[in-house]
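A closer look at the structure
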Amino acid sequence: MILAVDQGTTGTTCLLVDDSLTIRGRGYAELTQHFPHPGWVEHDPEQIWESVLTAAEQAIASAGAAPTQIAVTNQRETTLLWERDTGRPVHNAIVWQDRRTAVRCAELPAELIRARTGLVPDPYFSATKLEWLLRDRDVRGLAFGTVDTWLVWKLTGGRVHAIDETNASRTLLCSLETLDWDDELLELFHVPRDLLPEIRPSGGTFGEGELFGATLPIRGIAGDQQAALYAAGGAKATFGTGAFVLVETEEPAPHGLLRTAAARLEDEPPRRALEGAVFATGAALQWLRDGLGLIDDASESELLASSVEDTGGVYFVPALAGLGSPHWRADVRGLVTGITSGTTRAHLVRAALEAAAYQTADVLEVMPPLESLRVDGGMTRNRWLMQFLADVLGIVVETAREPEQTALGAALLALGERRPSPAGDRFEPSSDVSELYAGWREAVGILVA
């Protein structure tokens, strides 16, 4: 029985999972986000820990069984700094969404960073957050970590200071080639090496943790997107507010995509993946609901989209300011084209759903060819969208049976097994929509011209 801890941006989910990946117990605790200034986003590190305890207690109680080991998956890039002697945080955690270091990122050597890390200089990643935390501060006796590091520290009572490879690869401080801290990058960001945790494989052992009076091995840690990729079996798209598309490959990253470490078992060689991010998929439906009042609930979108034969020539192009999008542009806003007097709310809703599929196709077009794609997340409940996605991609689209793929990926790592999590529905390509996709590309061309 594995306690799979999924520590996210707005809350923590804990699952008690058996070795067949059946969920026996579940718990959830909300996490407060703090916004001390415009563009700043923070968490209280102690509340992160308390949310894990609350959700874990609920999961164990609902299962009526005790875990035998702990696995962790977490929001990536969020940055914490604490005192080694006391374990007391010296500042709130700076969340991955935080933009306070944007000016600093504009000054950084982009080519060097991309060559060493597979990433781009952006406040999204950890290094400039850590650099900001270290300003005017005596670094002696301090410890840095991402959320996984913090939870391992708390579980082991400070005996283990470690980070897994997938989280380390999102810091801008780790060489993607060696999967070790890079001295030139440490110098660039003014980070002493003795501040940093030990980097370990995702499927490795991270010590013995104490939880509710029991001593449990901690095994299996990965950042949330890489954990979901591991559960998917090597290629996945997660649809939520936005979409994260990851494909495991050793190929170099083409323009617009990021390269990152993929989760591996302890006895496997290092693995890497390409990542593309789409920032507005479910967010587009949220805007149609909250901004325009065209729908009362996102679940209406399936029926509305299927009620019309097409969009009537309408294309919905969200703003393209997404890291890892091949059309990434930080200076453009969204666009809706083709509106006529005959355009209805059904056409606009369908266009927004189609846009989610088109953007996914744009990302996959510059990745290695796939025979199928595993998908998870809230939008995968929309069967119309899943069928349209299969048509646009021209490959099989397979949903995950269980929505909690990040937690199941961590559980699989803890089990030391490389196999996909149980599948749900399967969608085969059934229509030629190449002309519609060509129209989308034309609309994108208008936006970025």
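Residues numbered from 1 in each chain as written. Predicted model: local features only at pLDDT ≥ 70, side-chain atom pairs only at ≥ 80, totals over all residues. Heavy atoms only, no water.

The full count for this structure, using the stated rule, is zero disulfides. Not engaged in a disulfide, the cysteine Cys105 finds its nearest cysteine sulfur in Cys174; these two sulfurs lie 18 Å apart. Note on Cys174: relative accessible area 2%, which makes it buried. (Disulfide = S-S within 2.5 Å. Buried < 20%, exposed > 50% of the residue type's maximum accessible area, 1.4 Å probe, protein only.)

Moving on, we come to the side chain of Thr78. By the secondary structure assignment, Thr78 is in the loop between strand S5 (69–74) and strand S6 (80–83). Within the structure, Thr78 has its side chain in polar contact with the side chain of Gln75 (distance 2.6 Å). Beyond its immediate sequence surroundings of up to four residues, Thr78 is in contact with Ala93, Ile94, Val95, Trp96, Gly145, Thr146 and Val147. (Helix = DSSP H or I, 4+ residues; strand = E, 2+ residues; numbered from the N terminus. Polar contact = N/O pair within 3.5 Å; in protein donor to acceptor, adjacent residues only side chain to side chain. Contact = heavy atoms within 4.5 Å.)

Glancing now at the packing of aromatic side chains. Following the criterion strictly, the structure yields eleven aromatic pairs and no others. With centroids separated by 5.2 Å and ring planes inclined at 10 degrees, the aromatic side chains of Trp384 and Phe388 adopt a geometry described as stacked. With Trp384 and Phe388 both in helix H12 (residues 383–393) and four residues apart, the pair spans about one turn of that helix. Grouping residues by exposure puts Trp384 and Phe388 together as buried. Through a chain of ring-to-ring contacts, three or more aromatic side chains come together here, namely Tyr315, Tyr358, Trp384, Phe388, Tyr437 and Trp440. Over the face of the ring belonging to Trp40 we find Arg100, whose NZ or CZ atom lies 3.8 Å from the ring centre. The residue whose ring lies beneath Arg100 is Trp132, and the NZ or CZ to ring-centre distance is 4.5 Å. (Phe/Tyr/Trp six-rings, centres within 6.5 Å; stacked < 30°, edge-to-face > 60°. Lys NZ or Arg CZ within 6 Å of the ring centre and 35° of its normal.)

One open sheet holds the six strands; their spatial order is S3-S2-S1-S5-S14-S13, and the pairing between them is mixed. One side of each edge strand has no neighbouring strand; the edge strands of this open sheet are strand S3 (23–30) and strand S13 (205–211). Sheet twist, expressed as the average angle between the axes of neighbouring strands with direction ignored, equals 25 degrees. Taken together, the seven bridges between strand S2 (residues 11–17) and S3 define a ladder with antiparallel strand orientation. (Pairing = 2+ DSSP bridges. Axes fitted to C-alpha atoms, helices over the stretch in contact; angles between N-to-C directions.)

As a further point, take the pattern of salt bridges. Here the idea is simple: oppositely charged side chains can pair when their charged atoms come close. A complete count under the given rule lists 36 salt bridges for this structure. Notably, a salt bridge pairs Arg104 with Glu131, separated by 2.9 Å at the nearest N-O pair. Of the two residues, Arg104 sits in helix H2 (residues 102–106) while Glu131 sits in helix H4 (residues 126–134), which places them 27 residues apart along the sequence. Asp362 serves as the salt-bridge partner of Arg441, at 3.7 Å between the closest nitrogen and oxygen. Of this pair, Arg441 sits in helix H14 (residues 434–448) while Asp362 is found in helix H11 (residues 345–365), placing the two residues 79 residues apart along the sequence. Classification of Arg441 as partly exposed rests on a relative accessible area of 31%. Three or more residues are tied together by salt bridges with common partners; here these are Arg76, Glu77, Arg170, Asp224 and Glu275. (Salt bridge = Lys/Arg side-chain N within 4 Å of Asp/Glu carboxyl O.)

Functional significance is not addressed by these values, which are geometric in nature.
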